[in-house]
Every structure is written in C-alpha cells, then in structure tokens.
Amino acid sequence: MFAIVVGGGKVGANVTRSLMELDQEVVVVENKPTRADHLEEEFGHRVVHGDGTELYVLERAGITRPPDIVVAVTGDDEDNLVISQLSRERYGVKKVIARVNDPRNQPHFDLLGVTPTVCPTQRILALIEHEVPEFDLVHLLELRNENLEIIEVEIDRKSPCLGRSVEDLGFPTGSRLISVVRDGTAEIAVGATVLRDGDQVLAILEPGKETEVRKILLGR
Amino acid sequence: MRAIVIGCGRVGATLARTLDEEGWEVTVVELDEDNLSRLGPEWRQPLVLGHGMDAKVLEEAGVEDADVLIAATDGDNTNLVIAQVAIRKYGVAHVAARIQDPARAEAYAGRGFHIISPVKMAIEGLASWALAAGSR
C-alpha cells in the first residue's frame, strides 16, 4: 500500500511511523521547515517539505500515481478539507481520511462529502458522556455513511418502560433494541424481553429517531 | 443589495467601502478587531467579530438573507470552504472567493462560485505588458 500523510505533527508522525513499521510505503508532507527537518532525521527521504494544499507539493509527494490512501491530519480544518477534496476529486484517490480539529467544523466535512473523518475532541467527549451521570443517553458509535448510531441508555425507576416488554413499547421504524445488560450479563433483546430498573440497554437507530427513542425509554 | 464580506484586510475593507458607497447593505466579518479600523471612522454598517468558517458567525452576519457573499480572508483554503458552505448550505445566489494560488484557483473552477486570483491577474498583466513592450 502507498499512503500520503499530510501534516507531520504528533498525529501525522505517529501514523507515518506505524505505517513504516507495517512495511507500507509512506510519504509525509510537512510545511514548517524546522518540523520537516526534525521529521527527516527519523523518516529520511519519506519527508516532503511544503504546503500540502499546494498542488505541486502534493504532486512531489506522488499523488498522481495515485496513492491508495491520503491522510489529511494537519492542525487546520480548512487545509484538511481542501487536501481531501483535491485528493479525491482532482487526483482520483479512492480513500481519504481527514482529521477534524474543531468539532464545530464537522458539518462542513459532511456537507462537502469528506468522509470518513476522525475528531479526537468528539471522541473524548463521548467517553466523558459515559462517565458523567447527567448524560442519560450515551452515543457509543456513529456510523455516518450508514446514517445509523448506537446508543446506550440506563433504565431507571422513573422510566415509563419499566415492566413492559420490548414488543409493547412501539419503537419507531428506523430504531431497534439490540441488547440488555442486567446484573453484568448481556442478553440479545427480543420482543418478549421485559425491561427492569437498572438495565443498560443498547439500541441502534437513525439519528433522527433519538428524541422518540429517548421518550420511550426514559420518558424525557 | 445585501452583501457579506468575509475578511477585513486591504482587499476586504476596500471592497466593503466601495459597495457601501454604492448604497449596498454590507456586513463585514473579521476575526481580528484591530483590522476593522481599515473601514475608517465613518463606517456605520454591521460588523461581526469571528471566524468566517463558523456557521454561527455566518448566520449572525445574515447569510440566510444575503444576495452576495465574498470570501476575502488571507487564507485560500478558508475562502474555499466558506464559499462552498455559502452556496451549498445557505444557497447564497452570488458567491466569490479570493484565491491567491493560481493552481488552486484553477482546480476549484466551475463549482458555482466566482474565483478572483490576484496572483494570476498580476501574472497575466505583467506578461501582456512585457510581450507588448518587447514587440515595440
């Protein structure tokens, strides 16, 4: 596999190193001269100096071959967006992964069709949700392309679904219970599964169905 | 006409003043408060402090009712993203972006927004001057 990594910061350098250890062909593009020199000590000829949003720099890195994958992981979202668009639309790169630095820019990546994306801030927030009791509904996994998400909800004493079976709850189309964890044991949810206080429930749903599902499970 | 000018550098500020003199409603979006002085002491039209890629900032500037949006920050990629968001998310009828790099200007041509490349204009101007001078 041939990969071009644009952005040689902590993320880019580590991705480059890992790909090298896996014996994959990789080139890393870095704009800042001091940083590029530093990278060169470790990665040698695999480093290309220059602005990875300039076409001639990308071409020097070998984008016309084209690479199997481009990884846009600079610290600027506008740069990652442009690198991704140019790679895919101008050079026909099949797979592009982009980093989202500011979660508020995620809608721009979605709007411009840049996917998949990785947003470390969003990931950390999702993990915090899991630990903070105020979050009664935790997003475990977002499947953007499939337009589905997996959520976790803990059923409490006030929940309107207590003592009722899954088939009676009337989940909307586009949503389904997956499993129930009770006393540390997980069970696949079936129609006859009756929900109890303290149950941890996993559900898969279209993001638009979240309010309805929350209402059924938590009553709020 | 209602226009939004993103970026209040030399280009953005002068452009905003020109449109203002023509009687347009002009809202200027700028990240750095110090740059707003380029508009001069007489400026009375709305100013929004913030980054032009921030959807909230664009909405505060009235992007939903704007006829014209011009992305004139000093960042080519910022302008490219703002221009595409203005068209595809907000449906602004007339959008232009300033793109210094001629290669990127060419790569993004034909995407529904107007591109002004000052570098390309300088190259073309100087080349035609040189060729004309050489043939005299």
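Let us look at the structure shown here. Only a predicted model underlies this, so the values are computations on that prediction, with no experimental measurement involved.

1. Some words on the overall build of chain A
Thought 1: Regarding its fold elements, chain A presents seven helices and eleven strands.
Thought 2: Against the compact-globule benchmark of 17 Å for 220 residues, chain A has a radius of gyration of 22 Å, which places it well outside the compact range.
Thought 3: Structurally, chain A occupies a C-alpha span of about 65 × 30 × 30 Å along its principal axes.
Thought 4: Residues counted as buried form 31% of the 220 residues belonging to chain A.

2. So, the interface of chain A and chain B
Thought 1: In this assembly, 16 residues from chain A lie in contact with 16 residues from chain B.
Thought 2: Mapped onto the side of chain A that touches chain B, the elements with two or more residues apiece are helix H3 (55–60), helix H4 (77–90) and helix H5 (106–111) of chain A.
Thought 3: Looking at the side of chain A that touches chain B, the element that brings in the most residues is H4(A), giving six residues.
Thought 4: Per-class residue counts for the side of chain A that touches chain B are eight nonpolar, three polar and five charged.

3. Side note on the nonpolar core
Thought 1: In this structure, A:Ile4, A:Val5, A:Val6, B:Ile4, B:Val5 and B:Leu69 are the most contacted members of the largest nonpolar core, which totals 69 residues.
Thought 2: Per element, the largest residue contribution to this core is six residues, and it comes from helix H3 (residues 76–88) of chain B.
Thought 3: When sequence neighbours within four positions are dropped, the list of residues in contact with B:Ile4 reads B:Thr27, B:Val29, B:Ala61, B:Gly62, B:Val63, B:Ala66 and B:Leu69.
Thought 4: Core analysis: the second largest hydrophobic core is formed by 13 residues, A:Val153, A:Leu177, A:Val180 and A:Leu205 among them.

4. Side note on the sheet that holds strand S3 (residues 47–49) of chain B
Residues and elements named next belong to chain B.
Thought 1: A sheet is described by the order of its strands in space; here six strands give the open sequence S3-S2-S1-S4-S5-S6, paired in parallel fashion. The open sheet terminates on both sides in strands that have one partner only, identified here as S3 and strand S6 (114–116). On average, adjacent strands in this sheet sit at an angle of 15° to one another, irrespective of strand direction.
Thought 2: Inspection of the sheet shows strand S1 (residues 2–6) paired to strand S2 (residues 25–30) by five bridges, in the parallel sense. Bridging across to S2, Arg 2 finds its partner in Glu 25.
Thought 3: Across the sheet, helix H1 (residues 10–21) is in contact with S1, S2, strand S4 (68–71) and strand S5 (94–98); its angle to S2 comes to roughly 165°.
Thought 4: Each of S1, S4 and S5 touches H3; the most contacted strand, S5, lies at about 175° to it.

Cut-offs applied
Sequence order as written defines the numbering, with residues in each chain counted from 1. Each chain gets a letter, beginning with A, and each ligand a number, beginning with 1, in the order they are written. A pLDDT threshold of at least 70 governs which residues receive local features in this predicted model, and a stricter bar of 80 or more applies before side-chain atom pairs are shown or counted, although totals over entire chains, interfaces and linings include all residues. By definition, any uninterrupted DSSP run of H or I lasting at least four residues is a helix, any uninterrupted run of E lasting at least two residues is a strand, and each is numbered from the N terminus. The globule rule used here is 2.2 Å times the number of residues to the 0.38 power, and the radius of gyration it is set against is calculated over C-alpha atoms. Here exposure depends only on C-beta density: within 10 Å of a residue's C-beta, 20 or more other C-beta atoms make it buried, 12 or fewer make it exposed, and intermediate numbers make it partly exposed, the C-beta atoms being placed from the backbone. Residues are treated as contacting if the C-beta atoms built from their backbones sit within 7 Å of each other. Polarity classes work like this: nonpolar for Ala, Val, Leu, Ile, Met, Phe, Trp, Tyr, Cys and Pro, charged for Asp, Glu, Lys and Arg, and polar for all others, with Gly in that last group. Note on definitions: a nonpolar core is a set of buried residues drawn from Ala, Val, Leu, Ile, Met, Phe, Trp, Tyr and Cys, linked by C-beta atoms within 7 Å. Criterion used throughout: strands pair if DSSP finds at least two bridges between them. Axes here refer to lines fitted to C-alpha atoms; in helices the fit is confined to the stretch in contact. Angles between the N-to-C directions go from 0 to 180 degrees.

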